[in-house]
Amino acid sequence: MQKRRETRLVVNLICRIRQDDGWHDARIRNISCRGIGALSATPPAIGQYAELRRGSAVIVARVVWQHGNSSGLRSQDKIDIQALLGQSGAAKEGPFEPTSTERRRQPREDSLVNAMERSRHRSSIFQYAMLGVASLAAALFASSMVRDVFSAPLTAVARALPGASGDLP
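Quick caveat, the model's predicted, so the values are computed rather than measured.

Novice: Where do I start with a nonpolar patch on the surface in this structure?
Specialist: Together, Val-146, Val-149, Phe-150 and Leu-154 make up a nonpolar patch on the protein surface, roughly 380 Å² of accessible area in all. Inspection of the secondary structure assignment puts Val-146 in helix α2 (residues 108-160).

Here it is as structure tokens:
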């Protein structure tokens, strides 16, 4: 005897789905107490875990089937269907056009990594600038010392030469 399938509620809900490669737009097509039928431009692979977010509702589920842009996800925990349906802007009329582009200018999970890279880059520029300033100061100091060391003997040589006025130019 075949296991009975859970009763499914047909819906048309826009959500975001996070997979291994980042966040994508998706549409929930049907819901049961432990399963979701979803449609997205880049559906997750079978066996992969995905996180669906709609407003404050969060569902973590494993992909049990995938065909084209459609996929079926099974949640270990019961899905709060009312929480999903209660969000404002529950459904938009018209055909769903999936997109694989990231809506956010900068994904949230990468913001710390990007900030760290920017900080590392700035500190590297600062280090090179300080090294350049220190090198310039050392070169000026060294040239001053060399001038002081050689000025006394050269002045003496210049005075000893016939027709010398005694002052170096």
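So, next bit.
Novice: Honestly, the nonpolar core in this entry has me stumped. Any pointers?
Specialist: Soluble, globular proteins show a tendency: their nonpolar side chains are buried together. Membership of the largest hydrophobic core comes to 19 residues, with the highest contact counts inside it found for Ile-28, Ile-31 and Leu-52. Every element with two or more residues in this core is listed here: β1 (9-19), β2 (22-31), β3 (35-40), β4 (49-54), β5 (57-67) and α1 (81-85). Not counting residues within four places of it along the chain, the set of residues in contact with Ile-28 comprises Val-11, Asn-12, Leu-13, Cys-15, Ile-36, Gly-37, Ala-38 and Leu-52.

Novice: Explain the confidence of the model for the chain here, please?
Specialist: If pLDDT is low for a region, its predicted coordinates should not be looked at in detail. Of all residues in the chain, 79% have pLDDT values of 70 or greater, and the mean over the chain is 82. Of all the helices and strands in the chain, α1 carries the lowest mean pLDDT, 83, while strand β6 (residues 70-75) carries the highest, 93. Between residues 88-93, whose pLDDT stays under 50, and residues either more than four places distant or in other chains, the model counts 11 contacts.

Novice: It is not clear to me how the sheet that holds β1 should be interpreted in this structure. Could you clarify?
Specialist: Adjacent strands of a sheet pair through backbone hydrogen bonds, lying either parallel or antiparallel. Reading around the barrel, the 6 strands line up as β1-β2-β3-β6-β5-β4 and close back on themselves, with antiparallel pairing between neighbours. The sheet shows a mean angle of 45° between the axes of neighbouring strands, direction not considered. Looking at chain direction, β1 and β2 are connected through 9 bridges and run antiparallel. Paired with Ile-17 across the strands is His-24, a residue of β2.

Novice: Please clarify how the pairing of β2 should be interpreted in this entry.
Specialist: In terms of burial, β2 is a largely internal element, 8 of the 10 residues being buried. What sits between β1 and β2 in their antiparallel hairpin is a turn of 2 residues. Two strands pair when backbone bridges link them, and β2 and β3 are joined in this way by 5 bridges, in the antiparallel orientation. Bridging from a neighbouring strand, Ala-26 pairs with Ser-40 of β3. Taking the residues that link successive antiparallel strands as the turn, the β2-β3 hairpin has 3 residues.

Novice: What exactly am I supposed to notice about the pattern of salt bridges here?
Specialist: Two side chains bearing opposite charge may form a pair once their charged atoms approach each other closely. Inspection of every chain in the model, using the stated rule, returns 5 salt bridges. A salt bridge links Arg-18 to Glu-51, with the nearest nitrogen and oxygen atoms 2.5 Å apart. In this pair, Arg-18 is assigned in strand β1 and Glu-51 in strand β4, connecting sequence segments 33 residues apart. For Arg-18, a relative accessible area of 33% gives the class partly exposed. The exposure class of Glu-51 is buried, given its relative accessible area of 9%. Arg-53 serves as the salt-bridge partner of Glu-51, at 2.4 Å between the closest nitrogen and oxygen. Taking the relative accessible area as the measure of exposure, Arg-53 reaches 37% and is therefore partly exposed. Bridged by salt links that share partners, the residues Arg-18, Glu-51 and Arg-53 form one connected network.

The rules behind each value
Residues numbered from 1 in each chain as written. Predicted model: local features only at pLDDT ≥ 70, side-chain atom pairs only at ≥ 80, totals over all residues. Heavy atoms only, no water. Patch = residues over 30% accessible without salt bridge, like charges linked within 9 Å, V, L, I, M, F, W, Y side chains within 5 Å. Areas by Shrake-Rupley, 256 points an atom, 1.4 Å probe, with all protein chains shown as cover. Salt bridge = Lys/Arg side-chain N within 4 Å of Asp/Glu carboxyl O. Helix = DSSP H or I, 4+ residues; strand = E, 2+ residues; numbered from the N terminus. Core = buried A, V, L, I, M, F, W, Y, C linked by side-chain atoms within 4.5 Å. Buried < 20%, exposed > 50% of the residue type's maximum accessible area, 1.4 Å probe, protein only. Contact = heavy atoms within 4.5 Å. pLDDT = per-residue confidence, 0-100. Pairing = 2+ DSSP bridges. Axes fitted to C-alpha atoms, helices over the stretch in contact; angles between N-to-C directions.

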